[in-house]
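One letter stands for each residue in the lines below.
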Amino acid sequence: MTLSVNTNQPALIALQNLNRTNDDMQSVQTKINTGLSISTAKDNAAIWSIAQEQRADMSALGAVKMSLDRATSIADVALAAGESVSDLLKLMREKVVAAKDTSLTTTSRQSLNADFQGILKNLTQVISSAVFDGANLLDGSQAADMTFLADADAVQAITLSLQNLTLGGTINTLLPTDDILTPANATAVLTRLDATMSAVNQAVGNIGTQAKQIDAHSTFVGRLNDVLETGVGNLVDADLAKESARLQALQVKQQLGAQALSIANGAPQIILSLFKGQ
């Protein structure tokens, strides 16, 4: 090996190795700091692109979950109100059947009719109060069936059908003007009341079925989001135990590289000994 004060090849090689070690250490420290083996497109453009697409789907699924949660709340409110309406109709039927008794006095019949009218008003109040976030499935205020997001591309939708339970409708055929002041009136009301009870129970059952579908789909969306998150993690997450071991090894290598560079830089001092005594 040629000794020269102008060129120190061992020092250059030692410096290159030390710089490489420093670069590796910086990479490992970035992985430890971020928890990601691929945090930028520079690390691996293909994997980073795939991960970004999956993250976009995860964000969209967050919006889908929010939409489904709103649908669940609207359906739950409608179900609670619908079940209350069904219970009120049962009470109403009791009053109507009692009013068919021809032996009743006028006072008793008026009392039954007052109870009947009170239940009618209560029924209307329950239906008008079944509102969540401005939506009411039961009072006929909505123009069309309500649809909610079902997938990340907003292509598919899940539906809540309107069930108009207001008086005088196709489901609830009772009228605000109905009374049971006579046996004949009670008989006429009972016929429509029985049909109404059957139709209302069917309508509430329809809401319950759709609410169950929404709950099931919401559960699926939550699981799908978890699977996507796990998939992204498999692509880009760093193995921190492995990186910790690498960091310790690189720290030792860095110290050895610094010592090697120091030794290589000291080599030209040997030249001075060749000129002693000159």
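Coordinates for the structure precede this section.
Given the structure is predicted, the values throughout are model-derived calculations rather than measurements.

Caption draft 1: Main features of the overall build of the chain. When helices and strands are tallied, the chain shows six helices and two strands. Start at the N end of the chain and walk to the C end: the helices and strands fall as α-α-α-β-β-α-α-α. For 278 residues, the compact-globule estimate of 2.2 N^0.38 gives 19 Å, and the C-alpha radius of gyration of the chain, at 40 Å, exceeds that figure by more than 25%. Expressed along its principal axes, the backbone C-alpha trace of the chain runs to roughly 145 × 30 × 25 Å.

Caption draft 2: Structural view of the packing of helix 2 (residues 45-99) against helix 4 (residues 183-236). At a closest axis distance of 7 Å, the pairing of helix 2 and helix 4 adopts a crossing angle of 160°. Judged by the angle between their axes, helix 2 and helix 4 are roughly antiparallel. Handedness of the crossing formed by helix 2 with helix 4: left-handed. The residue makeup of the contact of helix 2 with helix 4, split by class, is 34 nonpolar, ten polar and ten charged.

Caption draft 3: Quick peek at the pattern of salt bridges. Counted under the stated rule, the structure contains seven salt bridges. Asp-133 is the salt-bridge partner of Arg-70, the closest N and O atoms lying 2.6 Å from each other. Of this pair, Arg-70 sits in helix 2 while Asp-133 is found in the loop between helix 3 (106-129) and strand 1 (146-149), placing the two residues 63 residues apart along the sequence. With relative accessibility at 53%, the residue Asp-133 sits in the exposed group. Here Lys-90 makes a salt bridge to Asp-87, at a shortest N to O gap of 3.6 Å. A residue pair is termed a helical-turn pair when its members lie 3 or 4 positions apart in one helix, as Lys-90 and Asp-87 do in helix 2 at three residues. According to the relative accessible area criterion, Asp-87 is partly exposed, its value standing at 41%.

Caption draft 4: Focus on unusual backbone geometry. With a phi angle near 55°, Asp-133 is a residue other than glycine that sits in the positive phi range. Positive phi outside glycine occurs at Ala-154, with the angle close to 55°. Relative to the helices and strands, Ala-154 is located in the loop between strand 1 and strand 2 (157-160). Relative accessible area serves as the criterion here: at 52%, Ala-154 is assigned to the exposed category.

Caption draft 5: Region of interest: the pairing of strand 2. Residues Ile-158 and Leu-160 of strand 2 are buried on one face, while the alternating residues Ala-157 and Thr-159, pointing to the opposite face, are not. Of the pairings in the sheet, the one linking strand 1 to strand 2 comprises four bridges and is antiparallel in character. Its bridge partner being in strand 2, Phe-148 is matched across the sheet by Ile-158.

Caption draft 6: A look at the side chain of Ser-86. Looking at the secondary structure, you find Ser-86 in helix 2. With a relative accessible area of 15%, Ser-86 lands in the buried category. If near-sequence neighbours (up to four positions away) are discounted, Ser-86 is found in contact with Val-200 and Asn-201.

Cut-off values and rules
Residues numbered from 1 in each chain as written. Predicted model: local features only at pLDDT ≥ 70, side-chain atom pairs only at ≥ 80, totals over all residues. Heavy atoms only, no water. Helix = DSSP H or I, 4+ residues; strand = E, 2+ residues; numbered from the N terminus. Rg over C-alpha atoms; globule rule 2.2 N^0.38 Å. Axes fitted to C-alpha atoms, helices over the stretch in contact; angles between N-to-C directions. Parallel < 35°, antiparallel > 145°, perpendicular 65-115°, else oblique. Left-handed = near helix turned anticlockwise from the far one by under 90°. Nonpolar A, V, L, I, M, F, W, Y, C, P; charged D, E, K, R; others polar. Salt bridge = Lys/Arg side-chain N within 4 Å of Asp/Glu carboxyl O. Buried < 20%, exposed > 50% of the residue type's maximum accessible area, 1.4 Å probe, protein only. Pairing = 2+ DSSP bridges. Contact = heavy atoms within 4.5 Å.

Distances and angles like these do not, on their own, reveal function.
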